[in-house]
Protein chains: 4
Amino acid sequence: MEKEPIFDIAHLAHIEIYSPKLEETVTFFKDILGMDEAERQGKSVYMRAYEDHYHNTLVITENHEAGLGHFSLRTTSPQALERRVAEIEKMGYGIGWIEGDIGHGPAYQFNSPDGHKMEIFWEVDYFQAPEEQKTALLNRPQRRPNRGVPVRRLDHINLLAKETNENVEFLEEALGFKVRERILDDDDKDIAAWLSVTNLAHDIAIMGDALGEEARLHHICYWYGYPQHLTDVAELLVEAGHEIEVAPIKHGISQAQCMYVYEPGGNRVELFGDSGYLIFDPDWKTVEWKGEDAAQAILWHGGSNLPADFFEYGTPVRVKEPVKNS
Amino acid sequence: MEKEPIFDIAHLAHIEIYSPKLEETVTFFKDILGMDEAERQGKSVYMRAYEDHYHNTLVITENHEAGLGHFSLRTTSPQALERRVAEIEKMGYGIGWIEGDIGHGPAYQFNSPDGHKMEIFWEVDYFQAPEEQKTALLNRPQRRPNRGVPVRRLDHINLLAKETNENVEFLEEALGFKVRERILDDDDKDIAAWLSVTNLAHDIAIMGDALGEEARLHHICYWYGYPQHLTDVAELLVEAGHEIEVAPIKHGISQAQCMYVYEPGGNRVELFGDSGYLIFDPDWKTVEWKGEDAAQAILWHGGSNLPADFFEYGTPVRVKEPVKNS
Amino acid sequence: MEKEPIFDIAHLAHIEIYSPKLEETVTFFKDILGMDEAERQGKSVYMRAYEDHYHNTLVITENHEAGLGHFSLRTTSPQALERRVAEIEKMGYGIGWIEGDIGHGPAYQFNSPDGHKMEIFWEVDYFQAPEEQKTALLNRPQRRPNRGVPVRRLDHINLLAKETNENVEFLEEALGFKVRERILDDDDKDIAAWLSVTNLAHDIAIMGDALGEEARLHHICYWYGYPQHLTDVAELLVEAGHEIEVAPIKHGISQAQCMYVYEPGGNRVELFGDSGYLIFDPDWKTVEWKGEDAAQAILWHGGSNLPADFFEYGTPVRVKEPVKNS
Amino acid sequence: MEKEPIFDIAHLAHIEIYSPKLEETVTFFKDILGMDEAERQGKSVYMRAYEDHYHNTLVITENHEAGLGHFSLRTTSPQALERRVAEIEKMGYGIGWIEGDIGHGPAYQFNSPDGHKMEIFWEVDYFQAPEEQKTALLNRPQRRPNRGVPVRRLDHINLLAKETNENVEFLEEALGFKVRERILDDDDKDIAAWLSVTNLAHDIAIMGDALGEEARLHHICYWYGYPQHLTDVAELLVEAGHEIEVAPIKHGISQAQCMYVYEPGGNRVELFGDSGYLIFDPDWKTVEWKGEDAAQAILWHGGSNLPADFFEYGTPVRVKEPVKNS
């Protein structure tokens, strides 16, 4: 009989991004995406979407350049937290415990093989709506904001990595992630992989860094659930002068209708505008896209390819080395 | 430290319903809901939706009256299956093992306290698309059908029970279901409860039977994911003369946009036309609706109440006793 | 050869409503429906939706009770204005010329047979967007507002009348309106009629007043064009405590997906959330709904009937006389 | 006082296209777009969408190459027909009267300055639904088909012309079309123009032919009204192997969400998936896009440009002359 699956990680809990333009970045998430500022401390602003149940899901920290601060996973129990810490320490990727941060208790920090800073924790603070934001919809933590086209909740993170396979295996072995879909090259090495511990098609994606850099961020993603909201928010974005990198499309991978935009600090933000598809099969066989199929994995309904930047731009921003004549 | 949660049940795998009008029921699911007939054996027809990955998710069996045959859950591993069987046997609700059925291997059958027949299993057959149904969308088991307004996958089952609480507790203790939302009466007893093992707000719901009957079915539900499809299928249903019990509405519970229709055999079918909301929090605190709030739990956007039948009609059909003058 | 149709009226240009709670009414249209205040004068506030091209389409005037101030039609040319004035004067319904109002030039005022105050005019002021509202979408007069769920434009007006037929005939003969759909009683008299001069299924509707009152308003209607926006605005309305009279439904008449809500001043407002159907046929044969068909004219997808108030409540509010025993 | 506008043309009534693959073209419109075959005669098949009220709106005629047969406009009255014929004859573009065709009575045929064959008529045959297609929705000529993702009605035609301005002026002067939007080059000559006699932003568009050819067809367009249907039909198209030229986008011009696909005979078909915006202003000032703005006229939400073929491919297919070195 096979080994049983690991059920120790519950979901992606929050992400910290760096921005060289703190206030502009905060205003973007607030006025266009309808998110709320939960707290400020030092150079960091803590934010959440209106259906995020925790105190915060996005931390924006002022920094000389854009990029990923860290991201955080919540375990399924205190015992699960202990088990995962033991495993990560054994594998040699651990950094160590912190006492906690605004919105959560003690957390164990570690690096992905590529160097992305991660943490896991159990104790969390829930958002408590002030009186004027309380709603009769008891499964929603607060009223729908009356500002922008408000995103509903944090969805996933997409990382660039120098060595894709190594990082994918780390997530599988250390944390129990399952590879839901992957794009393979001719040697069957991962060009990109989509992994989850939930019923979503991905909580984390890892894509090979075309510039060969380490530990960069491709994008963070917030969720709408409805295609119309992509059209709606695109109106606000275009008219306010923000740069839409990819107007609403449909990916084959994850069956997502979505779009990509740069927040003013330079990080790429995906907006996920539909239900996608969910994976309930406990024995899911990874979907593998190779060769010609890969184009439809990216643009299922066809049309022009994505812009070159989509495959090269990440944060922190690095420049592609010009090809030298020898 | 608290006991860890149970992760042994993966999801709702299939449902068997009874129909006194087998062919008409099959035609309804085929022509209006775009489902495919997978196989026939004896008095049963096995069907599936186009994004169902298994061989079948709906069994329609000819019977003198409508109602629930049984429903089936898949475990997360073979070991999980053994653990759950041991627990159910200990609790005294077991019926026993069957060798399997079309589409799955050995299954352990048992009754809910109310008498709903259930089963759990591990081994399953996957749908293999014939050449002409193969799709380039590799995470989808077949092409989108060109018939009706095709549902995408099985979503949940809603049961009527004489004693709500007893059945809810059975699902929690024997199978590890978590109560996501509940409607309580003034004595804090469950009027109805919504439970899941997945990130959905419910895989199974249990509502008190207003007629005091046992083991009846309130409805089965298939999923669209998009609100537009409710409008579309409503056109087909109305013009073909089917009876829509509840035209598209939005529930507070589960935040579902959905509608209810009777299939020709008499069973109620819910069509779920949006993403709803997903639950990722491993420590989710059950949402409790009481007193005045309960109305918004049912009709979040207000308007007329649901018809009386919604609270009394189930299958098999039983008639409400007239109130006697004494 | 038949007489040629009249092409003298172009469309519904603006509506004046009365409100006993001026500021609350203005705030409703501003914060929930995303409309802008264009100007204030005396007891009146002039507003418009973001795709309304004229200076204003809604005038809200403070008054001791809710109701219709007047509504206004623009002609297709200055010559057309003269022709219509001559015709109305001949028919004896004229009031006389006014010099103009904020947003338009000289207008000829008159009464419908029931006493609804109307006017027609040619000269109009266009909205000029201030710099910060200018948009690159040159066919849109300003940016999409970042507030509420913004309606796009004025759609139609629905009047209650003591004598339906008389008022319908007046609109046909004096102004060239065409009856697109009607509900008839057993004697083939109009219970209600939907009329237009545009390709819309109605610019004006007239329904028999169940209380036998004269010249009341049933509702005004603003347009979204997309069904999702009904769900979105319903969230804002419910959570802000506004009373939704009819949650999103689909009418058979005009094929409208729409909803009805009371603004704080007491007037009923319809929100039209889809494209409806357009009429291009120059020889359109009025669609007639009678007897049993009438129910589907109102609720095409079935379900509970509309609340009794929908058929009795109008503004100014009048109370139904209790049935007397004689 | 200015001259009054002409109200003699009611709308676009039908289009004849040529196909070298008659049966494949018919199957495309039938199985994917849900249209019905109304009649066959000689080498022509007459079809309609389910909300088209006339006998047919599309004639597909077998021919050695794809292209436009002719297109047809209905007048607003018999008198209007006479007036327009007189005007066209005076201008010297007339061909002459035909007795009629399947679905309509006597028609006057003529050429656009570029040579596109057109006709105008008054008498028309209405579609009479057979018993099994009759619907309780009395403003709809038949039930919604249960096949494909059915288009609702004919929307517009888009022509390529050697001399844009000349053809635009002909439509204005001979037929009373109004130019709603235009793209201008640096010398203020039309690159393209969108014209209508209805409240639509265009019934006819004319674009300069990049190959310098005469009287070609850019595309015909059928209408859905809802954005979701673009996603739905894209699934059917991709999975059935049809070539989507432009996956769902949003034009700035006409505010259309739409997509473009080649039918098997080679003609480009646009599918219009939303309400667009309507023009009610009788004194509409043509929207003019120049220079940098033109890009947003085409792709309002930004992203990659349309493929080069969109600007060069028309039917009949002609090949671009290679640039010669002299």
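This report concerns the structure included in the present document. Note that the structure is predicted; figures quoted are calculated from it, not measured. (Residues numbered from 1 in each chain as written. Chains lettered and ligands numbered in written order. Predicted model: local features only at pLDDT ≥ 70, side-chain atom pairs only at ≥ 80, totals over all residues. Heavy atoms only, no water.)

Focus on helix H3 (residues 164–175) of chain B
All names here are of chain B.
Step number 1: The end-to-end C-alpha separation of H3 is 16 Å, in line with the 16 Å expected for twelve residues at 1.5 Å each.
Step number 2: Residues of H3 that are buried: Thr164, Asn167, Val168, Phe170, Leu171, Ala174 and Leu175. Seen along its axis, H3 keeps its buried residues to an arc of 155°; they face one direction.
Step number 3: Just past H3, the residue Gly176 takes up positive phi, approximately 80°. (Helix = DSSP H or I, 4+ residues; strand = E, 2+ residues; numbered from the N terminus. Expected span 1.5 Å × (residues − 1). Buried < 20%, exposed > 50% of the residue type's maximum accessible area, 1.4 Å probe, protein only. Arc of directions from axis to C-beta.)

Observations regarding the pattern of salt bridges
Step number 1: Here the structure, examined in full by the defined rule, presents 88 salt bridges over all chains.
Step number 2: With a closest N to O distance of 3.8 Å, Asp274 of chain A and Lys250 of chain A form a salt bridge. Of this pair, Asp274 of chain A sits in the loop between strand E16 (268–272) and strand E17 (287–290) while Lys250 of chain A sits in strand E14 (residues 244–250), and the two are 24 residues apart along the sequence. Taken as a pair, Asp274 of chain A and Lys250 of chain A share a single burial class, namely buried.
Step number 3: Close ionic contact of Arg140 of chain B with Glu239 of chain D constitutes a salt bridge, the shortest N to O distance being 3.1 Å. Highlighted residues: Arg140 of chain B in the loop between strand E8 (117–121) and strand E9 (153–161) and Glu239 of chain D in helix H4 (residues 228–239), drawn from two different chains. Pair check on accessibility: Arg140 of chain B and Glu239 of chain D agree, each one buried. (Salt bridge = Lys/Arg side-chain N within 4 Å of Asp/Glu carboxyl O.)

Thoughts on the interface of chain B and chain A
Step number 1: Taken together, the contact pairs 60 residues of chain B with 60 residues of chain A.
Step number 2: Taken over both partners, the interface formed by chain B and chain A buries close to 4,600 Å², and the fraction arising from carbon and sulfur atoms is 59%.
Step number 3: When the buried area of chain B at its contact with chain A is split by residue, Leu138, Asn139 and Phe280 of chain B rank highest and sum to 14% of it.
Step number 4: Across the salt bridge formed by Arg74 of chain A and Asp281 of chain B, the nearest N and O atoms sit 2.8 Å from each other.
Step number 5: For the pair chain B and chain A, the number of links is 25 residue pairs in polar contact (both at pLDDT 80 or more).
Step number 6: For the side of chain B that touches chain A, the elements supplying multiple residues, two or more each, are strand E1 (9–19), strand E5 (67–75), helix H2 (78–91), strand E17 (287–290) and helix H5 (293–298) of chain B.
Step number 7: Considering only residue class, the side of chain B that touches chain A consists of 25 nonpolar, 18 polar and 17 charged. (Contact = heavy atoms within 4.5 Å. Buried area = accessible area lost by both parts, 1.4 Å probe. Polar contact = N/O pair within 3.5 Å; in protein donor to acceptor, adjacent residues only side chain to side chain. Nonpolar A, V, L, I, M, F, W, Y, C, P; charged D, E, K, R; others polar.)

So, the interface of chain B and chain C
Step number 1: Taken together, the contact between chain B and chain C spans 21 residues of the former and 21 residues of the latter.
Step number 2: Interface of chain B and chain C: buried area, both sides summed, is about 1,500 Å²; carbon and sulfur atoms make up 53% of it.
Step number 3: Sorting the residues of chain B by area buried against chain C places Val238, Trp300 and His301 of chain B first, and these three jointly supply 37% of that buried surface.
Step number 4: Linking chain B with chain C are zero salt bridges, by the criterion used here.

Some words on the relation of the copies chain B and chain A
Step number 1: Of the transformation superimposing chain B on chain A, the axial component is 0.0 Å and the angular component is 180°, with the fit at an RMSD of 0.0 Å. When the rotation and shift are considered jointly, the pair of chain copies conforms to a two-fold rotation axis. Considering only C-alpha atoms, the part of chain B nearest the rotation axis is Ser275 of chain B, at 2.5 Å.
Step number 2: The fraction of interface residues of chain B whose copies in chain A are also interface residues reaches 100%, indicating that both copies meet through the same surface. (Least-squares fit on C-alpha atoms with pLDDT ≥ 70 in both.)

Topic: the pairing of E16 of chain A
Residue and element names in this part refer to chain A.
Step number 1: With five of five residues buried, E16 is to be regarded as a mostly interior element.
Step number 2: Here E16 shows no split at all, with Arg268, Glu270 and Phe272 on one side and Val269 and Leu271 on the other all buried.
Step number 3: In this sheet, E16 lies alongside strand E13 (residues 216–223) in parallel orientation, the contact comprising four bridges. Considered in E16, the bridge of Ile220 is made with Val269.
Step number 4: Where strand E15 (residues 257–262) and E16 come together, five bridges link them in antiparallel fashion. Opposite Val261, over in E16, you have Val269 as the bridge partner. (Pairing = 2+ DSSP bridges.)

Observations concerning the sheet that holds strand E1 (residues 9–19) of chain D
All names here are of chain D.
Step number 1: Strand order in the open sheet formed by eight strands is E2-E3-E4-E1-E5-E8-E7-E6, and the pairing between neighbours is mixed. Sheet topology places strand E2 (36–41) and strand E6 (94–98) at the edges, where each strand pairs with a single neighbour. Strand-to-strand twist in this sheet, taken as the mean axis angle between neighbours without regard to direction, amounts to 25°.
Step number 2: Across five bridges, strand E7 (residues 107–111) lies against strand E8 (residues 117–121) in antiparallel orientation. Paired with Asn111 across the two strands is Lys117, which belongs to E8.
Step number 3: In the packing of helix H1 (residues 22–32) onto the sheet, contacts are made with E1, E2, strand E3 (44–48) and strand E4 (58–62), and the angle to E4 comes to roughly 160°. (Axes fitted to C-alpha atoms, helices over the stretch in contact; angles between N-to-C directions.)

Focus: unusual backbone geometry
Step number 1: Residue Pro316 of chain B is bonded to the preceding Thr315 of chain B through a cis peptide linkage, with omega at 0°.
Step number 2: Take Pro316 of chain B: it is sitting in the segment after helix H6 (309–312).
Step number 3: Phi is positive for Gln255 of chain C, close to 50°, though the residue is something other than glycine.
Step number 4: By the secondary structure assignment, Gln255 of chain C is in the loop between strand E14 (244–250) and strand E15 (257–262).
Step number 5: With a phi close to 65°, Asp188 of chain D is a non-glycine residue in the positive phi region.
Step number 6: Within the secondary structure layout, Asp188 of chain D lies in the loop between strand E10 (178–184) and strand E11 (190–196).
Step number 7: With a relative accessible area of 46%, Asp188 of chain D lands in the partly exposed category.

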